[in-house]
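# Structure assessment
What follows is the residue order along each chain.
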Amino acid sequence: MSTTTYLIRGATLGGAEETDLLLVDGLIAAVGPDARTHEAAATAEVIEAAGLIALPGLVDLHTHLREPGREDAETVETGTRAAARGGFTAVHAMANSTPVADTAGVVEQVHNLGQRSGWVDVRPVGAVTVGLAGERLSEIGAMADSRARVRVFSDDGICVWDPVLMRRALEYVKAFDGVIAQHAQEPRLTEGAQMNEGEVSAVLGLAGWPAVAEESIIARDVLLAQHVGSRLHVCHVSTAGSVEIIRWAKSLGINVTAEATPHHLLLTDEMVRSYDPVYKVNPPLRREADVMALRAGLADGTIDIIGTDHAPHPSEAKDCEWAQAAMGMTGLETALSVVQHTLVDTGLMSWEGVARITSTTPALIGRLTDQGRPLAAGEPANLILVDPAARWTVDPSTMSTKGRNSPFAGMELPGSVRATFFHGHPTVLDGALATPRPYTGARA
């Protein structure tokens, strides 16, 4: 671990008050007036942060790093570089790699790749079922007991549609306080579906993807979670009806959490009129009314977190006709800007609220004890500095991810991550990649 000391001067904590922070040996050693008078401050490297907002490092519960097996689309190295540039200090790598992360061996491989890359903390997500086939449970206990200490399990991209299997999975993870993260999609209602079912799909002649396909699975699964007394997390909520079901479930005290993606907070099915496959995603872009419901759900706490669902693809998987194109969008490097644009700049949420939905709560759901922590003395130095006044135009060719399939290409967005500190080590400085955190082989 680097022993470099940093004195951050004049940063605004959570958008509220200006203060100084002293980072020493991976920890926040002092905050406020004590930071400049601390004995370590005399030799610290000074970072002037006037006008910048300090936030806990972002935590993504939903990232596709593609490795092992699809290194043409992304690798742990390129994906975590993108994460660092986006302000993330921890990401959860989804299980749909090749081979699938359904054994202790595969999740430990992903975990080790993350440690060696050194850009962010990589926490593997274990598959719920063997091979994502939905037929029998994977090695859930072995993955939980492995060096990767898996606590989140998901067949993301494929719904665990069998209610008996879903019940068993919920029962199994109770033993170690794990969580099942469900991709809510009733397969029989979405067979051949190409986009959101509605007026636009009718005009374009594309097979519709009804909202009820998502809502019916969420309704079933919150009742299963209540019956079993286990934790359920709903991935990428996309409809107004889903928000209402989750709100109802929470009113009954059911232990359910939910996420929304940045693209579902801004884009609508109107984009599909262009037939540009960059807008093809699962779940599909919905109506304007759904977008507004998601924003309101985040503002009132019904939806708990932002999950990027970062899904990079090689160019040939998107540069084709709509029906053959892969589903998915990149999101790590644009997520915070879209959150500022849709929630902060609209007055729906404060920067303190942003910290809650992008850092504190996802860390709690994933059971990450050293992430999402307050910016206070003695806490791990996982934090970012954001310039809320900056404006930038999205150019996928300049991004660190291998994927060029950003739906925000050419769009001007607010906010810029100026610095990212991962356990006190700067992975981003002045808006550019710095160096990864040195790997010693000793980190757990």
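Everything below is about the structure shown above.
Residue numbering note: each chain is counted from 1, following its sequence as written. In keeping with the predicted nature of the model, local features appear solely for residues at pLDDT of at least 70, side-chain atom pairs appear and are counted solely at 80 or more, and the whole-chain, interface and lining totals rest on all residues. Only heavy atoms go into the side-chain values, all of them from the structure, while hydrogens and water stay out.

Right, let's talk about the side chain of serine 230 for a bit. Structurally, serine 230 is set in the loop between α7 (211–228) and β13 (232–234). Between N or O atoms, a polar contact is any pair within 3.5 Å; within protein, one atom must be a potential hydrogen donor and the other a potential acceptor, and residues adjacent in sequence are included only when both atoms are from side chains. Polar contacts involving the side chain of serine 230 include one to the main-chain carbonyl oxygen of leucine 170, which spans 2.8 Å. The contact criterion used is simple: two residues touch if any of their non-hydrogen atoms lie within 4.5 Å. Leaving out residues up to four positions away in the same chain, serine 230 has contacts with Leu170, Val173, Lys174, Ala225 and Asn255. A run of H or I in DSSP becomes a helix once it reaches four residues, and a run of E becomes a strand once it reaches two; helices and strands are each numbered from the N terminus.

Helix axes are fitted only over the stretch in contact, all axes being lines through C-alpha atoms; the angle between N-to-C directions runs from 0 to 180 degrees. Orientation of helix α8 (residues 240–251) relative to helix α9 (residues 288–300), taken along the N-to-C sense of each, is 25°, at an axis distance of 8 Å. On the basis of the axis angle, α8 is roughly parallel to α9. Of the residues in α9, those touching α8 at Ala240, Val243 and Arg247 are Asp290, Ala293, Leu294, Gly297 and Asp300. Grouping the constituent residues of the contact of α8 with α9 by class yields four nonpolar, one polar and three charged. We call two directions roughly parallel when the angle between them is under 35 degrees, roughly antiparallel when it is over 145, roughly perpendicular when it lies between 65 and 115, and oblique otherwise. As a working rule, the residues Ala, Val, Leu, Ile, Met, Phe, Trp, Tyr, Cys and Pro are called nonpolar, Asp, Glu, Lys and Arg charged, and the rest polar, with Gly in that last group.

Interaxial distance between α7 and α8 falls to 9 Å at its minimum, and their mutual angle equals 10°. With respect to α8, the axis of α7 lies roughly parallel. Together, Glu214, Glu215, Ile218, Ala219, Val222 and Leu223 of α7 and Gly241, Ser242, Ile245, Ile246, Trp248 and Ala249 of α8 make up the contact between the two elements. Taken together, the residues of the contact of α7 with α8 break down into eight nonpolar, two polar and two charged.

This next bit is on the sheet that holds strand β8 (residues 121–124). Pairing in this open sheet of three strands is parallel, and the strands run β6-β7-β8 from one edge to the other. The two strands at the open ends of the sheet, each matched to only one other strand, are β6 (58–63) and β8. On average, adjacent strands in this sheet sit at an angle of 20° to one another, irrespective of strand direction. Strand pairing follows a simple DSSP-based rule, namely that at least 2 bridges must link the two strands. As paired strands, strand β7 (residues 88–93) and β8 are joined by four bridges and run parallel to one another. Looking at the pairing, histidine 92 lines up with arginine 123 of β8.

Take helix α5 (residues 163–173) next. Note on exposure labels: buried denotes an accessible area under 20% of the residue type's maximum, exposed denotes more than 50%, and partly exposed covers the range between, all computed with a 1.4 Å probe on protein chains only. Of the positions making up α5, those classed as buried are Leu165, Met166, Ala169, Leu170 and Val173. Seen end-on, α5 carries its buried residues on one side only, within an arc spanning 140°. The arc in question is the one spanned by the directions pointing from the helix axis to the C-beta atoms.

Further remarks concern a nonpolar patch on the surface. Where nonpolar side chains cluster on the molecular surface, the patch consists of Leu223, Trp248 and Leu252 and spans about 300 Å² of accessible area. Here leucine 252 lies in the loop between α8 and β14 (256–260). Overall, leucine 252 belongs to the partly exposed group, its relative accessible area being 46%. Patch membership requires more than 30% relative accessible area and the absence of a salt bridge. Residues of like charge join within 9 Å; the nonpolar side chains Val, Leu, Ile, Met, Phe, Trp and Tyr join within 5 Å. All accessible areas in this document rest on Shrake-Rupley with a 1.4 Å probe, and a residue is counted as covered only by the protein chains that are shown. Any Lys or Arg side-chain nitrogen located within 4 Å of an Asp or Glu carboxyl oxygen qualifies as a salt bridge.

Right, let's get into the packing of aromatic side chains. Between the rings of Phe, Tyr and Trp (Trp by its six-membered ring), a pair exists once the centres lie within 6.5 Å; its type follows the angle of the planes, with under 30 degrees stacked, over 60 edge-to-face, and the other angles tilted. Taken as a whole and judged by the stated rule, the model has two aromatic pairs. With centroids separated by 5.3 Å and ring planes inclined at 65°, the aromatic side chains of tyrosine 6 and phenylalanine 421 adopt a geometry described as edge-to-face. Here tyrosine 6, found in strand β1 (residues 6–13), pairs with phenylalanine 421, found in strand β17 (residues 412–422); they are 415 residues apart in sequence, far enough to count as distant. There is no split in this pair, since tyrosine 6 and phenylalanine 421 are both buried. Cation placement over rings: the criterion is NZ of Lys or CZ of Arg within 6 Å of the ring centroid and within 35° of the ring normal. The positively charged end of arginine 437 is found above the aromatic ring belonging to phenylalanine 422, 5.4 Å away from the centroid.

All told, the structure shown has 20 salt bridges when counted by the stated rule. For the salt bridge of aspartate 300 with arginine 247, the shortest nitrogen-to-oxygen distance reads 2.7 Å. Taken as a pair, aspartate 300 in helix α9 and arginine 247 in helix α8 lie far apart in primary sequence, 53 residues in all. Residue aspartate 300 is classed as partly exposed on the basis of its relative accessible area of 46%. Here glutamate 270 and arginine 273 are joined by a salt bridge, their closest N and O atoms 2.5 Å apart. When its relative accessible area of 41% is taken as the criterion, glutamate 270 is described as partly exposed.

A word on the environment of alanine 44. Position of alanine 44 relative to the elements: it lies in the loop between α1 (33–37) and β4 (45–48). A sequence separation of 38 residues divides alanine 44 from tyrosine 6, and the C-alpha atoms of the two residues are 4.9 Å apart.

Within a beta sheet, neighbouring strands are joined by backbone hydrogen bonds and run either parallel or antiparallel to one another. Across the sheet, which stays open at both edges, the five strands sit in the order β9-β10-β13-β14-β15 with parallel pairing between neighbours. Strands with a single pairing partner mark the edges of an open sheet, and in this sheet they are β9 (152–153) and β15 (305–306). Bridging between strand β10 (residues 179–182) and β13 involves three bridges; their strand directions are parallel. Within β13, the position partnered with isoleucine 180 by the bridge is leucine 232.

Counting residues in each nonpolar core, the largest one holds 76 residues, and the members touching the most others are Phe153 and Leu298. Looking at this core element by element, the count peaks at six residues for α7. For phenylalanine 153, the contacting residues outside a window of four places in its chain are Val125, Gly126, Ala127, Val128, Ile140, Met143, Ala144, Val173, Phe176, Val179, Ile180 and Ala181. The criterion is simple. A nonpolar core is a set of buried Ala, Val, Leu, Ile, Met, Phe, Trp, Tyr and Cys residues joined through side-chain atoms within 4.5 Å. In this structure, Leu204, Val281, Trp322 and Met399 belong to the second largest nonpolar core, which totals 18 residues.

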